[in-house]
2 protein chains.
Amino acid sequence: MGDGLSKTKNRILKMLVDHQNEYLSGQKICDCLGCSRTAVWKHIKDLQKEGFKIDSVQKKGYRMTAPSHHLSEANILSSLKTKKLGHNLKFHETLPSTQKEAHHLAEDGAADGTLVVADEQSTGRGRLGREWHSPMGTGIWMSLIIRPDIALHQTPQLTLLTSVAVVKAIHDITGVECGIKWPNDILYNGKKIVGILTELQAEASHVKAIIIGIGMNVNADAADFPDELKKRAASIKSLTGREHDRPAIIQAILKHFELLYNTYLEEGFEIIKLLWESYALSLGKEIYARTVKGDTIKGLAKGIDDEGVLLLETRDGTVHHIYSADIEII
Amino acid sequence: MGDGLSKTKNRILKMLVDHQNEYLSGQKICDCLGCSRTAVWKHIKDLQKEGFKIDSVQKKGYRMTAPSHHLSEANILSSLKTKKLGHNLKFHETLPSTQKEAHHLAEDGAADGTLVVADEQSTGRGRLGREWHSPMGTGIWMSLIIRPDIALHQTPQLTLLTSVAVVKAIHDITGVECGIKWPNDILYNGKKIVGILTELQAEASHVKAIIIGIGMNVNADAADFPDELKKRAASIKSLTGREHDRPAIIQAILKHFELLYNTYLEEGFEIIKLLWESYALSLGKEIYARTVKGDTIKGLAKGIDDEGVLLLETRDGTVHHIYSADIEII
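Only a predicted model underlies this, so the values are computations on that prediction, with no experimental measurement involved. (Residues numbered from 1 in each chain as written. Chains lettered and ligands numbered in written order. Predicted model: local features only at pLDDT ≥ 70, side-chain atom pairs only at ≥ 80, totals over all residues. Heavy atoms only, no water.)

A word on the UniProt feature "domain: BPL/LPL catalytic" (unreviewed entry) in chain A
Note the cut-off: UniProt positions are given in the numbering used here, feature names are shortened, and annotations may be inferred rather than shown by experiment. Here a helix means four or more residues in a row that DSSP labels H or I, a strand means two or more in a row labelled E, and each is numbered from the N terminus.
As annotated in UniProt, the feature "domain: BPL/LPL catalytic" (unreviewed entry) corresponds to residues 77-265 of chain A in the numbering used here. Helix makes up 32% of residues 77-265 of chain A and strand 25%, whereas the separation of the span's terminal C-alpha atoms amounts to 25 Å.

So, the environment of glycine 179 of chain B
Residue and element names in this part refer to chain B. The test is simple: We call a residue buried when its accessible area falls under 20% of the maximum for its residue type, exposed when it is over 50%, and partly exposed in between, using a 1.4 Å probe and counting protein chains only. The contact definition used throughout considers only heavy atoms, calling two residues in contact when any of these lie within 4.5 Å.
In this fold, glycine 179 is placed in strand E6 (residues 179-181). By relative accessible area, which is 6% here, glycine 179 ends up buried. For the pair glycine 179 and serine 163, spaced 16 residues apart in sequence, the C-alpha separation works out to 9.0 Å. Not counting the four nearest positions on each side in its chain, glycine 179 is found in contact with Asp185, Ile186, Leu187, Tyr279 and Leu281.

Brief notes about the interface of chain B and chain A
The condition that has to hold: As used here, buried area is the combined drop in accessible area, with a 1.4 Å probe, of two parts when they are placed together. Any Lys or Arg side-chain nitrogen found within 4 Å of a carboxyl oxygen on Asp or Glu counts as a salt bridge. Pairs of N or O atoms are called polar contacts if they sit within 3.5 Å, as long as, within protein, a hydrogen donor faces a hydrogen acceptor (for residues adjacent in sequence, only side-chain-to-side-chain pairs). Polar here means any residue outside two lists: the nonpolar Ala, Val, Leu, Ile, Met, Phe, Trp, Tyr, Cys and Pro, and the charged Asp, Glu, Lys and Arg; Gly therefore counts as polar. The pairing criterion is simple: DSSP has to find at least two bridges between the two strands.
Every contact between the two is made by 30 residues of chain B and, on the other side, 30 residues of chain A. Buried area between chain B and chain A, both sides added, is near 2300 Å², and the carbon and sulfur share of it is 52%. Where chain B meets chain A, there are six salt bridges. For the salt bridge of lysine 208 of chain A with glutamate 199 of chain B, the shortest nitrogen-to-oxygen distance reads 2.6 Å. Put simply, chain B and chain A have 10 residue pairs in polar contact (both at pLDDT 80 or more) between them. Among the elements of the structure, helix H5 (98-107), helix H6 (155-174), strand E8 (191-203) and strand E9 (206-217) of chain B are those that each provide at least two residues to the side of chain B that touches chain A. Counting residues per element, the side of chain B that touches chain A draws most heavily on E8 of chain B, at seven residues. Taken together, the residues of the side of chain B that touches chain A break down into nine nonpolar, 11 polar and 10 charged. Pairing geometry for strand E8 (residues 191-203) of chain A and E8 of chain B, over five bridges, is antiparallel. Among the inter-strand pairings, leucine 200 of chain A is bridged to a residue of E8 of chain B, identified as alanine 202 of chain B.

So this is what it looks like as structure tokens:
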């Protein structure tokens, strides 16, 4: 986005998407957008090059024949249903890490709601600095910058909020019903479909920016996962047997996130907590929690508290507050 | 630092500083450091160019005549008395902001104890994004990266710890006794000498890096302050009437910080809190606290709690917990 030209291109794309499978005359597009027919024709050519399937028939006009699963700036922006989130979009074919790029942008003052998306990450990363496999063209690798006025200790609540938005978005677009494993994974049948990495930049007692990274395995073939991931991870395609529309999933995540986030800012965490609990896989189950310091605690996952901290009851009745851990459901 | 050559230069400088006002023969330096006399001669020339006052007398050798107040990498490293802090030094003649540079370095994995120092900042900044005046050659503009294993809400404790280290360092090197105004200013006679900006990078519940920025007005002339700062800020030179040794102050800050920080990591915040209270200007006084949200509360500053939060008692006996505010002593 940014310059006038690409704005027009995005508006043309939006018109075509909104009238999918109908013909729109070049003249009608010109009249709506106030540009020349030559300009329309040039933008359509560009969109075709970007991978959009657009028919052009004389005297009828232009028609989008199939939704494109290709990821591009125009594609993500064309049907965005949010008021704010994602409109300042930084799309890259490839990046070392969307999270790192978002940190640098946030440090340089990027606006609330800025979204970084890449079609490939060369050094994607997950929680605790772990590597995140993010090959070209198969997933959603994105980082959202938000600037809420909350206290530092509330940050983990946003990981939970994001989990809910992502589970709902996957269900909307693909029909798959995933569950959430505290603190930051979205699973199907025990295999990881999505990882969420919530990071923050803050002054001593004042959040400056929260950067929420989302990595989702969408259209990778099961056979293409590295051996060490095959047992632990899966793509949505490997569950449904078909490819899914990544721009539509991104749009759905942003839509759900914005609704939940506005509710959170106005009403607090309570309703988010209820929603989160309805998708949580571990609650009420025996689990192992391995903390960052290397201790392993076995107990019953009782729930989360109002700050998103996991409550784990050991056999002697003690309730442990777990701020950060890897958990395994027994 | 970094390459062998500049390491030798730093060791020559350290020998000269350790034997200040004595002559050291070129041969003796060669013998100690295992390099040629020509190499020694070249390094001495370099040091003279960097502003060190080094006499060279035939048959006697080299002598450092006066401590240099000039800021350089060699100068800061030559008498560093810490085990860890500051040894990974990134010195720049000029930077937009040491804090911003440190954030980028931390994001890219810079080691615990990395120090960024600049002789000038073009866009230095203070708390809440406020501008910080940092002209060439007159102050200490530095940012320290540390990676403690603490919870997010403990971060403000490190602002207080830093304040104590800085007050002690100023006293050691210049004789001036400053006081601390919660949360992050060091004052003399009501005028700001030092500002501290503590920021963090974190995963949702796990500190990755704390970046402590210190801006100190050392050798600026009172007349050189911009008009809007003249009433609120002062330099140490404006108090003592003489110039002070900036590298020595940096070394003293790091030495005190390291001692306090190790105590903090081993024993917790309690002893740091006692030290802080002994320098605090506002405790027991009537103050106005203006919060980030724009509210102003008037009350008695009772103290700080174990997490560094200011306790303010209003006339009706309510004790308010103030996490972040500008305070004014009435």
